[in-house]
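Per-entry structural report
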Amino acid sequence: MSRRIVAAGNWKMNMTPAQARELMEKLIPLVKSDDKDVIFCVPAIDILPCLELAKGTNIKIGAQNMYYEDKGAYTGEISPVMLRAAGVEYVIIGHSERRGYFGETNEDINKKALKAFEHGITPIICCGESLEQRNQGITIDWIRQQIKTAFMGITDEQAKTAIIAYEPIWAIGTGQTATTEQAQEVCGAIRDCIAEIYDIPTAEAVRVLYGGSVNAKTAPDLFAQPDIDGGLVGGASLKEEFGDIVKA
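Residues numbered from 1 in each chain as written. Predicted model: local features only at pLDDT ≥ 70, side-chain atom pairs only at ≥ 80, totals over all residues. Heavy atoms only, no water.

**Focus on the overall build of the protein chain**
Under the convention used in this document: Labels follow the DSSP assignment, with helices taken as runs of H or I lasting at least four residues and strands as runs of E lasting at least two, numbered in each case from the N terminus. Only C-alpha atoms enter the radius of gyration; for comparison, a globular chain is expected to reach 2.2 Å times N to the power 0.38, where N is the number of residues. Three labels apply to residues, based on accessible area from a 1.4 Å probe with only protein chains included: buried if under 20% of the type maximum, exposed if over 50%, partly exposed otherwise in between. Whether two residues touch is decided by their heavy atoms; if any such pair falls within 4.5 Å, the residues are in contact.
Across its full length, the protein chain carries twelve helices and eight strands. Taking 18 Å as the expected radius of gyration for a compact globule of 248 residues, we find that the protein chain reaches 17 Å, a close match to that expectation. Along the first, second and third principal axes, the C-alpha atoms of the protein chain reach 45 × 45 × 35 Å. The burial tally for the protein chain puts 53% of its 248 residues in the buried class. Taking the intrachain contacts of the protein chain between residues at least 6 apart in sequence as the baseline, contacts between residues at least 24 apart amount to 73%.

**With respect to the side chain of Asp108**
Basically, it comes down to this: When charges are tallied, Lys and Arg are placed among the positive residues and Asp and Glu among the negative ones, while His and the ends of the chain are skipped. One speaks of a salt bridge when a side-chain nitrogen belonging to Lys or Arg is within 4 Å of a carboxyl oxygen belonging to Asp or Glu. Distance and chemistry together define a polar contact, namely a pair of N or O atoms within 3.5 Å, with one atom able to donate a hydrogen and the other to accept it when in protein, and with adjacent residues in sequence counting only for side-chain atoms on both sides.
Tracing the sequence through the fold places Asp108 in helix α5 (residues 106-118). Buried charge without a partner: Asp108 forms no salt bridge, and the closest opposite charge is Lys111, 4.8 Å away. A polar contact of 3.0 Å, which involves the side chain of Asp108, links it to the backbone nitrogen of Thr105. Discounting chain neighbours no more than four positions away, the residues touching Asp108 are Tyr68 and Gly103.

**Here's the deal with the nonpolar core**
Put simply, the rule reads: We call a set of buried residues a nonpolar core when its members are Ala, Val, Leu, Ile, Met, Phe, Trp, Tyr or Cys and they connect through side-chain atoms within 4.5 Å of each other.
Core analysis: the biggest nonpolar cluster contains 63 residues, and Phe40, Ile61, Ile147, Phe151, Ile190, Tyr210 and Phe242 have the highest contact counts within it. A per-element tally of this core places helix α9 (residues 180-197) first, with six residues. Residues in contact with Ile147, not counting those within four places in the same chain, are Cys127, Ile164, Ile190, Cys193, Ile194 and Ile197. Counting twelve residues, the second-largest nonpolar core is a separate cluster that includes Ala8, Ile39, Ile92 and Ala165.

**A few points about helix α1 (residues 17-27)**
Keep this limit in mind: This arc is built from the directions going out from the helix axis to the C-beta atoms.
The complete set of buried residues in α1 reads Ala20, Leu23, Met24 and Leu27. Projected down its long axis, α1 shows its buried positions confined to an angular sector of 100°, all on one face. For α1, exposure combined with an orientation more than 90 degrees from the buried face picks out Ala18 and Glu25. Summarising the contacts, the buried residues of α1 are in contact with β2 (36-42), α2 (47-54), β3 (59-63) and α12 (241-247).

**Observations regarding the pairing of strand β6 (residues 163-166)**
The test is simple: Any two strands with at least two DSSP bridges between them are considered paired.
Residues Ile163 and Ala165 point to one face of β6 and Ile164 and Tyr166 to the other, with burial holding for every one of them. Of the pairings in the sheet, the one linking strand β5 (residues 122-127) to β6 comprises four bridges and is parallel in character. Residue pairing for β6: Ile124 is matched across the bridge by Ile163. When β6 meets strand β7 (residues 207-210), the two strands line up parallel, connected through four bridges. Note that in β7 the partner of Ile164 across the bridge is Val208.

**Some remarks on the packing of helix α7 (residues 139-150) against α9**
Here is the rule: The convention used is that axes are lines fitted to C-alpha atoms, helices contributing only their stretch in contact, and that angles between N-to-C directions extend from 0 to 180 degrees. Angles below 35 degrees are treated as roughly parallel, those above 145 as roughly antiparallel, those between 65 and 115 as roughly perpendicular, and all remaining angles as oblique. Should the near helix be turned anticlockwise from the far one by less than a right angle, the crossing is left-handed, and should it be turned clockwise, the crossing is right-handed. All amino acids are sorted into three groups, where Ala, Val, Leu, Ile, Met, Phe, Trp, Tyr, Cys and Pro are nonpolar, Asp, Glu, Lys and Arg are charged, and the leftover types, Gly among them, are polar.
Here α7 crosses α9 at 45°, and the two axes come no closer than 10 Å. Classed by the angle they form, the pair α7 and α9 counts as oblique. Remark: the crossing between α7 and α9 carries right-handed chirality. Between α7 and α9, the residues in contact are Thr139, Ile140, Ile143, Arg144, Ile147 and Lys148 and Val186, Ala189, Ile190, Cys193, Ile194, Glu196 and Ile197, respectively. Considered class by class, the residues forming the contact of α7 with α9 number nine nonpolar, one polar and three charged.

The following block contains the structure:
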């Protein structure tokens, strides 16, 4: 089955609205592509100006987080209703920084994924292990638990449209990158896990990304692997180098 490659940039907590406009203007001509999905997941304050600039281009704008309720007394949160009304089509769910700094659990990620699907937003569901877990030899077991919990209650038709991002925590912002073999092994195990939960056609449809210090040099080999369908890119998505990653 042919899956469209995804080049997703996670801007994290960077870029004022003015800086976001300047960056978008630089990147728009560099990331043109007819055969790849290009997504910028930007801070909430940048969503509206970025959506405006993305009109008429191949770029989609995503959010970096959302809450699992439609509205209510949840100060500081942003709801899927708000995101969808603005024009957001994607949202990152369960990034390791959300799990680590803000205590998000596998169950929280499941609630958010269900709510994203309910409102027609495609979740980019993140998973990944720490260096300690890798050294203990429990990487695959840990990832499988994250995936099985995240997909509870999600239908096979919904799952087929999901994006999963494997990001080894020890390779985020450290300059370290998993070897091509390590990345392929885990992404392959994720696809096998989806096949167990659902079936092989669903597993073949789900797009699995690699993230963790991806750059223009490492991208071509990583994205050539049979179970890696692109990347969730952090720091490099804030640079013109992201255009080279898209071309990879």
